[in-house]
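Chain by chain, the residues run as shown.
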Amino acid sequence: MDSKVLEMRNISKSFPGVKALDDVSFDLKAGEVHALVGENGAGKSTLMKVLAGIYSKDSGAILINGNEVKIESVRDAQRLGIVMIHQELNLMNHLTVAENIFIGREYKKKFPLFLDAGKQIKKTREIFSELNIDIDPTVKVGKLTVAKQQMVEIAKALSYDSKILIMDEPTASLTDSEIEDLFRIVRTLKEEGRSIIYISHRLEELKIISDRITVMRDGRYIDTVKTEEADIDDVIKMMVGREIFVKKQEPFKNEDAPVALKVENLSAGRMVKNVSFHVRKGEILGFAGLMGAGRTEVARAIFAAENYESGDIYINGRKVKIKTPNDAVKAGIAYLSEDRRRYGLALGMNVDENISMANMKKFSKLLFIDFKKSFTNSQMQREKLDIRTPSLKQRTKFLSGGNQQKVVLAKWLTRDSEIIIFDEPTRGIDVGAKNEIYKLLNNLAQQGKAIIVISSELPEIIRTCHRVLVMCEGRITGELIGDEIDQNTIMQYAIKRDINNGRLSS
Amino acid sequence: MFELDYKEKTKRYSGGIKSFLSDWMILILFIALVTICMLTMSKFRDPKNLFNIIRQASFIAIISMGEFFVILTGNMDMSISSIIGMVSIFFAGLVVTMGLPVWLAVLIVILMSIIVGIINGVLTVIGKMPSFIATLVVMNIIRGFNFIYSGGLPISGLPEGFNFLGAGYVGVVPFPMILMFIIAIILYVFTTQTSLGRSFYAVGGNYEASKLSGINVQFVGILAFVICAVLTSIGALGLTSKTLAGNIALGDELLFDVMTIVVLGGTSLMGGRGRIFGVVIGALFLQVISNVMVLMSIATPWQWVVKGIILVTVVLIDSNTKRD
């Protein structure tokens, strides 16, 4: 039982500018569920993508049953019995369950080589009965719930006769009873001697389903513990790492400043559940949490970029109706998306054109553009924000990430936005430029703007925010002020678990 | 910080060269092509021939400038070929059969094209149909009406004076050439100096960001189709005036040329990039090539092959260099 089916030795992998995996080792026993945990960007997914043949490793070795193997493509991995079930399911909604399972390797009749639909359906039924799943193989996948679709993915993986299944956040979008079903299937797989690598943020689940837990951080292997001996606080500490010294934000002095934005009972889709909060003028409010916690969705719901179902929004104490992004702009809200290139900039246009884009009326005389006025403003913003560009005529696609971010900010400042939401303000920005953005955030707050910072980087949150809201699965699970803000505490709230219980609850 | 400055300067340098080339490539090629033809072909450098090229290019250039706006906003108008037929046949019908004065007939056909433009725009922008399909459908419907109205036969007998539009001269300069440059200059000012003109670049450059910036993206999108239809109808009137007859098949082979010209002129098929004078040069470029092929007695089918190869080449370059 203790034989290792898989060993990954000293795996390293770099992307341009980032060392994603640094000498990581990992192993897996037959019939084991081995959990892989870590913060966003710890390298879990990268490691698993190397194993599944999606990325190629730079160095290191992969051994299956003690023999070194080459995995250069997904097909190689499949041949070796390794299949990854991605968080976003890769099924074709318009095809039936059986068609999806056998896509690309359909059963054919000997003559005249037509598809043998009957055999496909029969095979699908066999796999389902083995797993004790009740799904009609002839129904279209699009009609199934997410949980059932996931089971189809698992069945598909088994149809390759996979010995190693990688599940990336399999329970992220399942209800409690669906999770139980999933666990039942996972146990069946275990009994058959198959091994499962289980990536999850939900430590409470791991206690129920996993045998061992491996922690990764910053692309490095940290430790592996037996689940039954694991203590949740230790696991969290390992995930967060040693207390790196982060200069904390000064406490917020102006406690009586008027509330600029108040949100009450905001709900939108599955990702935003009954969220209420406020932010004062001059305050920097942080939204922390793990990927998929619903932070961006809150921002997009406020900005009406996504529909929200219920909830009230007050600006300067006045209730407002925001139905389109344009309403939000008029109400003085600016949203700087994490995806600057998609939602922020017209990359083919120059710095000046981008800055004046939301302010055409301001810079027009009759129909004609007042170039002088627009240029003067752009020049002023360029100096104020220290936008480094050889000229205002430079196309924004040639600017560095940090300077692109400043151009988007300049656009909104020209529009006199009073509430500014930064979604991952320093994503894709190098370290030096990050500090400038932080300084800028402070300056804006001192000018009385209300700032919301959404960030997955805890040091960033600690460094910039006066107050932090932690989200988990669409809800606000904690609020931290001043001294309470530290990495461990944020992590505690960000991970779904029974907070009253020091150990992993089961 | 010092390092950052340095990095940006080098970036500007390479970016500058690249964008300089992609912006003016067509001009450089055009000058090279004309120079070679001037040096090697005596028939080509005959001033009569040169004016002839410009005259023939003029109306296609005007139509291409219309298509330019649609492509600039990231869409495509396939209906221009039957708009040309529509303008030609209905104009001739109104003047010859119904005896309306020319100015009134012009007004009516331009109004008709505006309506077609609005339909194209609404289907695409508000109806969210792919513009390719929406305008293809509109193309066929108009073609149907053209046939129903005319029975497929040309209507000849337009007044001689109308010939001036397509074949007239002001001194030694062909009138179509003057018209083309006047329109080009107006559109140049419009696209570069007005806020509305700039919106076309913004919408085509990044639809989402434009919307989030409060630009009326739907209005801009529809207006592009209307501008296209109106310029197409002006071009169609010019083409009609050359033969003094309304002909529903007048535009049937032009769609391909127009697409080639717009892309040749440096307009990105993904939207957001392009210049009016690029389109003008694109039109002259294609006309020079046609002219040279005629002078060399290359058969029409082979001309299609050559033009096809040109379009493929240009689009290949466009799709592989202008992505971000």
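A positive phi angle, near 55°, is found at D161 of chain A, a position not held by glycine. Following the sequence through the fold, D161 of chain A ends up in the loop between α5 (146-159) and β7 (164-168). Residue S297 of chain B is not a glycine yet carries a positive backbone phi of 55°. Along the chain, the position of S297 of chain B falls in the loop between α13 (276-295) and α14 (300-321).

All names here are of chain B. Closest axis-to-axis distance for the helix α5 (residues 102-126)/helix α6 (residues 131-150) pair is 9 Å, and the angle between their directions is 145°. In this structure, α5 crosses over α6, and the sense of that crossing is right-handed. Counted together, V116, I119, N120, L123 and T124 of α5 and S131, A134, T135, V138 and I142 of α6 form the full contact between these two elements. In the contact of α5 with α6, the residues fall into six nonpolar, four polar and no charged.

All names here are of chain A. Taken domain by domain, chain A consists of domain 1 (4-240), domain 2 (258-332 + 417-506) and domain 3 (341-416). Computed from C-alpha coordinates alone, the two centres of domain 2 and domain 3 are separated by 26 Å. Tallying the contact residues gives 17 residues for domain 2 and 13 residues for domain 3. When the two sides are added together, the surface that domain 2 and domain 3 hide from each other amounts to roughly 1,200 Å², 63% of it contributed by carbon and sulfur. Three residues, S417, E436 and L440, lead the burial of domain 2 against domain 3; their summed loss comes to 38% of the area buried on that side.

Turning our eyes to something else, we now look at the side chain of N206 of chain B. Along the polypeptide, N206 of chain B turns up in the loop between α9 (195-205) and α10 (207-212). For N206 of chain B, a relative accessible area of 8% translates into the label buried. Setting aside anything within four residues of it in sequence, one finds N206 of chain B in contact with R341, R342, Y343, L345 and A346 of chain A.

Our next topic: a positive patch on the surface. There is a patch of like positive charges on the surface, built from K110, K119, K122 and K123 of chain A. Summarising the element assignment, K122 of chain A is placed in helix α4 (residues 117-131).

It is worth spelling out the sheet that holds strand β14 (residues 310-315) of chain A at this point. Residue and element names in this part refer to chain A. Strands sit in the order β12-β11-β14-β15 across an open sheet of four strands; the sheet is antiparallel. The open sheet is flanked by β12 (272-280) and β15 (318-320), the only strands paired with a single partner. Shown here is a sheet whose adjacent strand axes are inclined to one another by a mean of 20°, direction ignored. Bridge count for strand β11 (residues 259-268) against β14 is five bridges, and the pairing is antiparallel. What sits directly across from K262, in β14, is Y314. Sitting on the sheet, helix α9 (residues 295-302) touches β11, β12 and β14, and the angle it makes with β11 is about 110°.

With that out of the way, let us pick up the pairing of β11 of chain A. Each regular strand carries side chains that alternate between the two faces of the sheet. All names here are of chain A. Bridge count for β11 against β12 is six bridges, and the pairing is antiparallel. Bridge assignment links V263 to a residue of β12, and that residue is F277. Between β11 and β12, which pair antiparallel one after the other, the connecting turn spans three residues, and G269 there sits at a positive phi close to 60°.

Residue and element names in this part refer to chain A. Counting 122 residues, the largest nonpolar core has I154, L261, F277 and I490 as the members making the most contacts within it. Counting residues per element, this core draws most heavily on α5, which supplies seven residues. Residues contacting L261, with those up to four places away along its chain left out, are F277, H278, V279, I302, I313, Y314, I315, I419 and I452.

A contiguous nonpolar patch, built from L366, L367 and F368 of chain A together with F181, I185, Y188 and V189 of chain B and spanning about 710 Å² of accessible area, is present on the exposed surface. The biggest single contributor to the nonpolar patch is helix α8 (residues 175-193) of chain B, with four residues. Tracing the chain through its elements places L366 of chain A in the loop between β17 (364-365) and β18 (368-369). For L366 of chain A, a relative accessible area of 85% gives the class exposed.

Looking now at the sheet that holds strand β5 (residues 67-69) of chain A. Residues and elements named next belong to chain A. With antiparallel pairing, four strands are arranged side by side in an open sheet as β2-β1-β4-β5. The open sheet has two free edges, formed respectively by β2 (18-29) and β5, since each of these has just one partner strand. Across the sheet, the mean angle separating the axes of adjacent strands is 25° when strand polarity is ignored. Along the sheet, helix α1 (residues 44-51) makes contact with β1 (4-15), β2 and β4 (59-64), crossing β1 at roughly 115°.

What counts, and where the lines are drawn
- Residues numbered from 1 in each chain as written.
- Chains lettered and ligands numbered in written order.
- Predicted model: local features only at pLDDT ≥ 70, side-chain atom pairs only at ≥ 80, totals over all residues.
- Heavy atoms only, no water.
- Helix = DSSP H or I, 4+ residues; strand = E, 2+ residues; numbered from the N terminus.
- Axes fitted to C-alpha atoms, helices over the stretch in contact; angles between N-to-C directions.
- Left-handed = near helix turned anticlockwise from the far one by under 90°.
- Contact = heavy atoms within 4.5 Å.
- Nonpolar A, V, L, I, M, F, W, Y, C, P; charged D, E, K, R; others polar.
- Domains from an automatic or database assignment.
- Buried area = accessible area lost by both parts, 1.4 Å probe.
- Buried < 20%, exposed > 50% of the residue type's maximum accessible area, 1.4 Å probe, protein only.
- Patch = residues over 30% accessible without salt bridge, like charges linked within 9 Å, V, L, I, M, F, W, Y side chains within 5 Å.
- Areas by Shrake-Rupley, 256 points an atom, 1.4 Å probe, with all protein chains shown as cover.
- Salt bridge = Lys/Arg side-chain N within 4 Å of Asp/Glu carboxyl O.
- Lys, Arg positive; Asp, Glu negative; His and termini not counted.
- Charge placed at Lys NZ, Arg CZ, Asp CG, Glu CD.
- Pairing = 2+ DSSP bridges.
- Core = buried A, V, L, I, M, F, W, Y, C linked by side-chain atoms within 4.5 Å.

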